[in-house]
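Observations on the three-dimensional arrangement
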Amino acid sequence: MYRETQIINDAATLPSAEGELVINVGPQHPATHGVLHLVITLQGETIQKVEPHLGYIHRSIEKMCESLSYRQFIYVTSRMDYLSAHINNHGCVLCVEKGLQLEIPPRAQVIRVLMDELTRIASHELWWGAMAMDLGAFTPFFYAFRERETINDIMEETCGTRLTMNYMVPGGVMYDLHPNFQKRVKDFIQLFNNKIDEYDDLVTGNIIFQNRTKGVGVLSKEDAISFGCTGPVGRASGVHCDIRKLYPYEVYDNLSFDEIVETAGDSYARYLVRIKELRQSIRIIEQLIDNIPEGDFQAKTKAVLKLPRGEFYSRVETARGELGVFIVSEGATTPYRIKFRSPGFSNLSALDHMSRGSKIGDLMAIMGTLDLVIPDIDR
Amino acid sequence: MTREELKENIIQYRPNAVFDETGEWLNVFIETADWKSFAQWLRNDVLQMDYLFCLTCIDWSQTAAGKTVLTMVYHFTSTTFRQALVVKVKLDRNNPEIATVSDIWRTAEFHEREVFDLFGVRFLHHPDLRRLVLTDDFDGHPLRKDFEDPVNMIKL
């Protein structure tokens, strides 16, 4: 029997309160953006409880990494949060470099940050389109993908792939930038600056959109910290949790950009944080694109990497929040134990708390602004 | 709050605490029986460790040191003082049991379910201790070092 059928059967036979209804959303529901399964208990139209069932895309990446070398395991992590593949790789190489105490050439650092910010824009764009589509507006999806395509083309030229780039290696990046890179990024910035205003006109100021998101799924600051919510979800509730500001890595401490913090904690605040972050990412790219230092793009490393005995933890700010990479090394060529603290996992755990008491139609507005990527949660 | 002040505070509360200062952050080892009261002190007293950013477990059975040891690893930081602390609790691998902290840090509820699923650690008084990512009828705990799956695991 299918698990979903089992749940429905159990709900029918077990005693329940008057008028209570149990329904399955997913694992193939279009609004869950992947194979997430939610079991929702309803009283009329009001949500009593949301119970996420995970594991439909669990690949046990942590176990896999235990048998892969320190160069190989980085590529598996592109498959966790596939929308910020670069930033996942970045977290892993930072952790390996911390263990090896490697110095990274300035050129590689700037290239990494540039790629991270381009990835963040691409990820937020996809979220913006998909979020609007969840709420019934189809056009934004095509608008967002039109601009996202330009970033994918830039990535393809330099990294060779469009989605899972695998561009970062311990010590730097795999190849040097493509000669067209600077020009194409500048063209993109020019194009994109006008487009964000268009996004604002189309969705942000839309009164129907505001009515559907304002005051929906409120998460207080204390709860956000307690649930471990990071990234735009945490910042919308007033938590200062931008790793780029708190624990700067690479060249982030020399750059001027703002940490976007809202205080309302509702779906609209989460939306605003992401839209404003798009502008900040553009600001970072503008500062760096004309100042890419000359020199090596990769530090010299040994062919076989061995981390000394010990525990290493690194964290980066992905498009969804704080990604932690925890490596336990026994001095061998493979990690003894590796743990990925994925941002989506903690953000999802707050879903039940946020959606209790709201209407079932609002659940899509809440889930849309959590920006869940299911492979990142299941790993 | 500096690392020394952090250590001072813990020594004042637990004079016999064992520290490990080799890593990036201060590590402190706690006995299983003391864990719950220590966790409550961490959250509510001077240290204000309100953000549990990583919770995981390590199986040491493939090393010479710990044939029968599982270690719970809790990474804390305080949003007020911005000082990180790592707390480790050693468990018996054959009968791993520890008190839950999901009532203190809500994020622990999912993370503990994950550890229960993949390592088989039982969290006492957890509100909803079921498998999280694997199916309910799954046999074994995959992240333990002696787990074998002849169908889906490929040895490199």
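Residues numbered from 1 in each chain as written. Chains lettered and ligands numbered in written order. Predicted model: local features only at pLDDT ≥ 70, side-chain atom pairs only at ≥ 80, totals over all residues.

Further remarks concern the domain arrangement of chain A. Residue and element names in this part refer to chain A. Each assigned domain of chain A is listed here: domain 1 (3-53) and domain 2 (61-378). One C-alpha centre belongs to domain 1, the other to domain 2; they are set 31 Å apart. Elements with a contribution of two residues or more to the side of domain 1 that touches domain 2: strand E2 (37-43) and strand E3 (46-53). Among the elements that line the side of domain 1 that touches domain 2, the one with the most residues is E3, at seven residues. (Domains from an automatic or database assignment. Helix = DSSP H or I, 4+ residues; strand = E, 2+ residues; numbered from the N terminus.)

In this section: the sheet that holds strand E5 (residues 84-92) of chain B. Residues and elements named next belong to chain B. Overall, mixed pairing links the five strands, which are arranged E1-E2-E5-E4-E3 in an open sheet. Every interior strand has two partners, whereas the edge strands, strand E1 (18-20) and strand E3 (51-59), have only one. Strand-to-strand twist across the sheet, computed as the mean angle between neighbouring axes with direction ignored, equals 25°. With eight bridges connecting them, E3 and strand E4 (residues 69-77) associate as antiparallel partners. Opposite cysteine 54, over in E4, you have histidine 75 as the bridge partner. The sheet contacts of helix H1 (residues 3-13) involve E1, strand E2 (26-30) and E5, and relative to E2 the element is tilted by about 15°. (Pairing = 2+ DSSP bridges. Axes fitted to C-alpha atoms, helices over the stretch in contact; angles between N-to-C directions. Contact = placed C-beta atoms within 7 Å.)

Another aspect to go through is the interface of chain B and chain A. Listed as interface residues are 23 residues of chain B and, on the opposing side, 27 residues of chain A. Of all the elements in the fold, those that place two or more residues in the side of chain B that touches chain A are E3 and helix H3 (108-119) of chain B. The element that contributes the greatest number of residues to the side of chain B that touches chain A is E3 of chain B, accounting for six residues. Here the side of chain B that touches chain A is composed, by residue class, of 13 nonpolar, six polar and four charged. (Nonpolar A, V, L, I, M, F, W, Y, C, P; charged D, E, K, R; others polar.)

Residue and element names in this part refer to chain A. A maximum bend of about 25° is found in helix H7 (residues 181-204) at phenylalanine 192. For H7, the full list of buried residues reads Val185, Phe188, Phe192, Tyr199 and Val203. Its buried side turned inward, H7 meets helix H5 (106-134), helix H6 (139-159), helix H8 (207-213) and helix H12 (267-289). (Bend = angle between axes of the 7 residues up to and from the residue. Buried ≥ 20, exposed ≤ 12 C-beta atoms within 10 Å, placed from the backbone.)

Let us look at the packing of H5 of chain A against H6 of chain A. Residue and element names in this part refer to chain A. Running from N to C, H5 and H6 cross one another at 160°; their axes reach a closest spacing of 8 Å. Compared by their axis directions, H5 and H6 come out roughly antiparallel. As for how H5 packs across H6, the hand of that crossing is left-handed. In this structure, H5 contributes Leu118, Ile121, Ala122, Glu125, Leu126, Trp128, Gly129, Ala130, Ala132 and Met133 to the contact, and H6 contributes Pro140, Phe141, Tyr143, Ala144, Phe145, Glu147, Arg148, Ile151, Asn152 and Ile154. Of the residues belonging to the contact of H5 with H6, the class tally is 15 nonpolar, two polar and three charged. (Parallel < 35°, antiparallel > 145°, perpendicular 65-115°, else oblique. Left-handed = near helix turned anticlockwise from the far one by under 90°.)

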